[in-house]
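Structure at a glance
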Amino acid sequence: MRKSIFPSAKEALPVIVITVLFLLLTAACIGLRAEHFLMTGLFVVLFFAGKTTRKLAVALLPFIIFGISYDWMRVYPNYQVNPIDVQGLYEAEKSLFGISLGGTTLIPCEYFAQNHCSIADFFAGIFYLCWVPVPIVFGLWLYLKGERTVYLRFSMVFLLVNLIGFAGYYIYPAAPPWYAMNYGFEPILDTPGNVAGLGRFDELLGCSVFHSIYGRNANVFAAVPSLHAAYMVVALAYAVMGHCKKWLIALFSVIMVGIWWTAVYSGHHYLIDVMLGVACALSGVLIFEKGLMKWGAFKRFFERYNCYIK
């Protein structure tokens with residue numbers, strides 16, 4: 001007898017219950033938006049469409065949990081847990097990396113705000129648009145290529161690095177450099193997101209790409225660590241561990257450094273944030289590979305998860 005393409009009741013029931021609960025809780029706590037319906041709709045369609053797509057839906061869970069975790073930080077903002085640092089981080093950046101110009105000392109972001117050009121603005125925008133899409137496309141490429149074990153390690157580390165970064169946001173709420181440059185050192189809790197130097201990319205191309213992105217910013221006081229700086233470190237690490245082509249490793253290296261530079265050039269992050277973001281990524285890789293994967297219970301969970309999506 002031909003097997004049904006539909007999941008068993010044991011598989012389907014938890015998915016239906018969790019999906020409904022997610023939508024209800026999201027509606028009650030932060031309000032439903034179009035992207036919530038898009039994400040849940042895509043997952044449900046993939047899960048119920050067939051065995052092959054069901055495996056993909058389950059494989060995408062680390063990225064889905066990442067998106068939900070970021071969105072749900074709106075429920076209890078980090079500045080309700082610890083005080084916001086604006087001046088301390090700014091002064092530390094100036095002390096460590098200050099640039100003397102005309103008798104005054106500028107932080108690198110201030111220097112670039114005064115010294116920029118159209119070519120740099122264009123490449124800054126291109127690099128920053130690679131922030132999340134390139135790692136996710138890389139993960140899908142690994143999955144579709146059949147490198148399911150490498151894919152799963154990468155996607156789970158990607159999630160772990162985000163969770164470490166989100167914990168950092170709550171431990172040390174901090175304002176980005178554009179905030180100090182525009183508003184001074186007094187925290188204003190309802191400050192909207194700001195495109196900062198990336199607005200020059202929008203102006204250059206006559207579009208509103210970054211204005212639309214930063215208009216949805218969940219919390220502007222979440223600069224440390226810079227997860228912008230972290231993601232491509234994770235992608236590069238698993239490109240190397242997965243024995244990818246040298247041209248891909250070289251491309252990822254360029255994008256990674258380009259994002260680091262753009263973070264500072266655009267005024268979105270201090271150099272300190274970038275370095276802590278890199279440290280966050282490396283810590284996530286080491287904790288996963290040298291810690292969690294050596295822990296029997298987690299390793300068994302990983303192996304079952306890996307078998308399911310193969």
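This structure is a prediction, so every number in the text was calculated from the model and none was measured.

Brief notes about the nonpolar core
One broad rule of soluble globular proteins: the nonpolar side chains tend to lie buried together. Of all hydrophobic cores here, the largest spans 87 residues; its most connected members are Phe138, Tyr151, Phe252 and Phe288. It is helix α9 (residues 148-171) that contributes the most residues to this core, 13 residues altogether. Both of domain 1 (1-79) and domain 2 (81-307) provide at least three residues apiece to this core.

A few points about the domain arrangement of the protein
Split by domain assignment, the protein resolves into domain 1 (1-79) and domain 2 (81-307). Just the C-alpha atoms count here: the centres of domain 1 and domain 2 sit 26 Å apart. With 20 residues of domain 1 at the interface, the matching set in domain 2 holds 27 residues. Taken together, both faces of the contact between domain 1 and domain 2 bury some 2300 Å²; the carbon and sulfur share is 67%. When the buried surface of domain 1 facing domain 2 is broken down by residue, Phe63, Asn78 and Tyr79 rank first, second and third, together holding 36% of it. At the junction of domain 1 with domain 2, the criterion picks out zero salt bridges. At the surface where domain 1 touches domain 2, the tally comes to eight residue pairs in polar contact (both at pLDDT 80 or more). Mapped by element, the contributors of at least two residues to the side of domain 1 that touches domain 2 are α3 (51-59) and α4 (61-71).

Considerations on unusual backbone geometry
Val224 connects to Pro225 through a cis peptide bond whose omega is -5 degrees. Turning to its location among the elements, Pro225 is positioned in the loop between α12 (209-214) and α13 (227-241). Unlike most non-glycine residues, Ala196 shows phi in positive territory, near 50 degrees. On the secondary structure map, Ala196 appears in the loop between α10 (177-183) and α11 (199-205). Overall, Ala196 belongs to the partly exposed group, its relative accessible area being 21%. The phi dihedral of His243 is positive, around 55 degrees, even though this residue is not glycine. Summarising the element assignment, His243 is placed in the loop between α13 and α14 (246-265).

Some thoughts on the UniProt feature "transmembrane region" (unreviewed entry) in the protein
According to UniProt, the positions carrying the feature "transmembrane region" (unreviewed entry) are residues 12-34, 55-73, 122-144, 151-172, 220-240, 247-264 and 270-288. When the span residues 122-144 is considered, its composition is 87% helix and 0% strand, and the gap between its end C-alpha atoms is 32 Å. Its end C-alpha atoms 26 Å apart, residues 247-264 is made of 100% helix and 0% strand.

Focus on the side chain of Lys55
Mapped onto the secondary structure, Lys55 falls in helix α3. Although Lys55 lies buried, it forms no salt bridge, and the closest oppositely charged side chain, Glu11, sits 9.9 Å away as judged by the N-O distance. At 2.2 Å, the side chain of Lys55 and the backbone oxygen of Lys310 are in polar contact. In contact with Lys55, not counting residues within four places along its chain, are Tyr143, Tyr308, Ile309 and Lys310.

Section: the layout of surface pockets
In this model, the second largest pocket occupies a volume close to 600 Å³. Together, 22 residues line the second largest pocket, and Pro14, Val15, Ile18, Phe43 and Leu61 are the ones closest to its centre. Of all the secondary-structure elements, those providing two or more residues to the lining of the second largest pocket are α1 (9-29), α2 (34-49), α4 and α16 (296-309). Considering each element in turn, the lining of the second largest pocket owes the most residues, eight residues, to α1. Per-class residue counts for the lining of the second largest pocket are 18 nonpolar, two polar and two charged.

Here's the deal with α1
Counted at 1.5 Å a residue, the expected span for α1 with its 21 residues is 30 Å, and the 30 Å between its end C-alpha atoms agrees. Listed as buried for α1 are Ala12, Val15, Thr19, Phe22 and Thr26. All buried residues of α1 fall inside an arc of 100 degrees around its axis, so they share one side. Of the exposed residues in α1, those oriented more than 90 degrees away from the buried face are Ala9, Lys10, Leu13, Leu24 and Ala28. Buried residues along α1 sit in contact with α2 and α4.

Brief notes about the pattern of salt bridges
Within the structure shown, the criterion is met by five salt bridges. Note that Arg74 is salt-bridged to Asp71, the shortest N-O span being 2.9 Å. A residue is classified by how much of its surface remains accessible, and Arg74, at 29% relative accessible area, is partly exposed. For Asp71, a relative accessible area of 7% corresponds to the buried category. Between Glu289 and Arg153 there is a salt bridge; the shortest N-O distance is 2.5 Å. Placement of Glu289 in helix α15 (residues 271-291) and of Arg153 in helix α9 is noted, with a sequence separation of 136 residues between them. Given the relative accessible area of 23%, Arg153 is considered partly exposed. One salt-bridge network, held together by shared partners, links Arg33, Glu35, Asp71 and Arg74.

Rules used throughout
Position numbers for residues start from 1 in each chain and track the written sequence from start to end. The predicted origin of the model limits local features to residues at a pLDDT of at least 70 and limits the giving and counting of side-chain atom pairs to 80 or more, whereas totals for whole chains, interfaces and linings rest on all residues. Only heavy atoms go into the side-chain values, all of them from the structure, while hydrogens and water stay out. As used here, the term nonpolar core means buried Ala, Val, Leu, Ile, Met, Phe, Trp, Tyr and Cys residues forming a set that is joined through side-chain atoms within 4.5 Å. Note on exposure labels: buried denotes an accessible area under 20% of the residue type's maximum, exposed denotes more than 50%, and partly exposed covers the range between, all computed with a 1.4 Å probe on protein chains only. Here a strand is any run of E in DSSP of at least two residues, a helix any run of H or I of at least four, and the numbering for each starts at the N terminus. A domain assignment, automatic or from a database, supplies the domain bounds used here. The contact rule is simple, with two residues in contact once any of their heavy atoms fall within 4.5 Å. Buried area adds together the accessible area that both of two parts lose upon being put together, with accessible area traced by a 1.4 Å probe. Definition used for salt bridges: Asp or Glu carboxyl oxygen within 4 Å of a side-chain nitrogen of Lys or Arg. Distance and chemistry together define a polar contact, namely a pair of N or O atoms within 3.5 Å, with one atom able to donate a hydrogen and the other to accept it when in protein, and with adjacent residues in sequence counting only for side-chain atoms on both sides. UniProt positions are given in the numbering used here, feature names are shortened, and annotations may be inferred rather than shown by experiment. Think of it this way: Lys and Arg go in the positive column, Asp and Glu in the negative one, and His and the chain ends go nowhere. A 1.4 Å probe that fits but cannot get out identifies a cavity on a 1 Å grid over protein atoms alone, an open set with protein on both sides within 12 Å along at least five of seven lines counts as a pocket, and a residue lines either if it has an atom within 4 Å of a point. Grid points are joined across faces, edges and corners, and a volume is the space filled by probe spheres set on the points. All residues other than Ala, Val, Leu, Ile, Met, Phe, Trp, Tyr, Cys, Pro, Asp, Glu, Lys and Arg, Gly among them, are scored as polar; the first ten of these are nonpolar and the last four charged. To estimate how far a helix should reach, multiply one less than its number of residues by 1.5 Å. Working note: the arc is built from the helix axis to C-beta atom directions.

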